[in-house]
Amino acid sequence: MKVLVPVKRVVDYNVKVRVKSDQSGVDIANVKMSMNPFDEIAVEEATRLKEKGVVQEIVAVSCGVAQCQETLRTAMAIGADRGLLVQTDAELQPLAVAKLLASLIILGKQAIDDDANQTGQMLAALLDWPQATNASKVEVEGERVQVTREVDGGLETVSLALPAVITTDLRLNEPRYVTLPNIMKAKKKTLDTFSPEDLGVDVTPRLKTLKVSEPPARAAGVVVPDVATLVDKLKNEAKVV
């Protein structure tokens, strides 16, 4: 069995993002970029499946600018066997990425830059494959996979026929620390580059961002002398949102 794990290059989660002055988007110039945390979890889970002997090969794929090669090298340092880069400078929206991706596919449920949480579902629809989103546990059993997923009411376990699309939640695992020897080994692994045109996919954006703005600043908190005052403020001053 092969596993294809898409990985996205995003602004590092420790960076405080700034909105561009023209409000056309987020300024990513000269900021630290890293692998989307949900995708890192997906690579870790695929690596664990390989260590159990369930998976024979892990292929990491990224779609975007040339610098995505760094993200793929990180995925290979974690455990991916080779990388694929669909290189383009065009804006890529979830449907375009889903069309570029097409084996069991494990991917992060969403990217932290746009929080769309759409690519996995769109990919499953395009392939007509079963899907399980927000996975907190994955167990492969022969030609099926048991996935425990988090839902509003608690946990739900579903059984899918393979091949399938799975998106990972934060509680699925804790990604391993990438060591220097593994980083050096990753540099020797194969990384192939394609373009959307090579795959016959039109990645023209279907949505247009009209404006991006920062959320309003939170009001300063106040200290109340007793419970009665607190209850009075909650009743009379709390805003309904």
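Conventions and cut-offs
Numbers given to residues run from 1 along each chain, matching the order in which its sequence is written. The model is predicted, so local features are restricted to residues of pLDDT at least 70 and side-chain atom pairs to those at 80 or more, both for listing and for counting; the totals for chains, interfaces and linings are taken over all residues. Side-chain metrics rest on all non-hydrogen atoms present in the structure, leaving aside hydrogens and water. Each patch is built from residues that are more than 30% exposed by relative accessible area and take part in no salt bridge. Like charges join if they lie within 9 Å; nonpolar side chains (Val, Leu, Ile, Met, Phe, Trp, Tyr) join within 5 Å. Computed with the Shrake-Rupley method and a 1.4 Å probe, the accessible areas treat only the protein chains shown as cover for residues. Salt bridge criterion: a side-chain nitrogen from Lys or Arg within 4 Å of a carboxyl oxygen from Asp or Glu. Numbering goes from the N terminus for both helices and strands, where a helix is a DSSP run of H or I of at least four residues and a strand is a run of E of at least two. Three exposure classes are used, based on accessible area relative to the maximum for each residue type with a 1.4 Å probe and protein chains only: buried under 20%, partly exposed in between, and exposed over 50%. In this text, buried Ala, Val, Leu, Ile, Met, Phe, Trp, Tyr and Cys residues form a nonpolar core when linked through side-chain atoms within 4.5 Å. Between two residues, a contact is recorded if the distance between any of their heavy atoms is within 4.5 Å. Any pair of nitrogen or oxygen atoms within 3.5 Å is treated as a polar contact; in protein, a donor-acceptor pairing is required on top of that, and neighbouring residues in sequence qualify only through side-chain atoms on both sides.

*Asks:* Please explain a nonpolar patch on the surface as it appears in this structure.
*Replies:* A surface patch of nonpolar side chains, amounting to about 220 Å² of accessible area, comprises Val17, Val26 and Ile28. Examined against the element boundaries, Val17 turns out to sit in the loop between strand 2 (9–11) and strand 3 (18–19). Note on Val17: relative accessible area 43%, which makes it partly exposed.

*Asks:* Would you explain unusual backbone geometry in this entry?
*Replies:* Among all residues except glycine, the phi angle is most often negative; among peptide bonds, the trans geometry is most common. The residue after Leu162, namely Pro163, is reached through a cis peptide bond having omega 5°. Position of Pro163 relative to the elements: it lies in the loop between strand 11 (154–161) and strand 12 (165–168). Positive phi values are uncommon outside glycine, yet Gln23 reaches one of about 60°. With respect to the helices, strands and loops of the structure, Gln23 is situated in the loop between strand 3 and strand 4 (26–27). When its relative accessible area of 30% is taken as the criterion, Gln23 is described as partly exposed. Positive phi outside glycine occurs at Asn30, with the angle close to 60°. Tracing the backbone shows Asn30 in the loop between strand 4 and strand 5 (33–35). Judged by its relative accessible area of 83%, Asn30 is exposed.

*Asks:* Help me understand the nonpolar core, please; the structure alone is not making it clear to me.
*Replies:* Counting residues in hydrophobic clusters, the biggest one holds 34 residues, and the most contacted among them are Val5, Val7, Val43, Ala75, Val145 and Val147. Every element with two or more residues in this core is listed here: strand 1 (2–6), helix 1 (37–51), strand 6 (57–64), helix 2 (68–78), strand 9 (131–141) and strand 10 (144–151). Top contributing element to this core by residue count: helix 2, with six residues. What Ala75 contacts, discounting residues up to four positions off in sequence, is Val7, Met35, Val43, Ala60 and Ala80. One finds Leu4, Cys63, Leu100 and Ala124 within the second-largest nonpolar core, a separate group that totals 17 residues.

*Asks:* What exactly am I supposed to notice about helix 6 (residues 227–236) here?
*Replies:* Each α-helix winds once per 3.6 residues, and so residues spaced three or four apart point in a common direction. Within helix 6, only zero of the 10 residues are buried, leaving the element largely exposed. Backbone nitrogen of Ala228 and a side-chain oxygen of the N-cap are separated by 3.3 Å at the start of helix 6; the cap is Asp226.

*Asks:* Just to check I follow, could you spell out the pattern of salt bridges for this structure?
*Replies:* Where charged atoms of side chains with opposite charge meet at close range, the side chains can pair. In the structure shown here, the tally under the stated rule is 10 salt bridges. Two residues, Glu150 and Arg171, come together in a salt bridge whose shortest N-O distance is 2.8 Å. Here Glu150 is found in strand 10, whereas its partner Arg171 is found in the loop between strand 12 and helix 5 (180–186), with 21 residues between them in sequence. Residue Asp169 pairs with Arg171 through a salt bridge whose shortest N-O separation is 3.3 Å. By relative accessible area, Asp169 is classed as buried at 3%.

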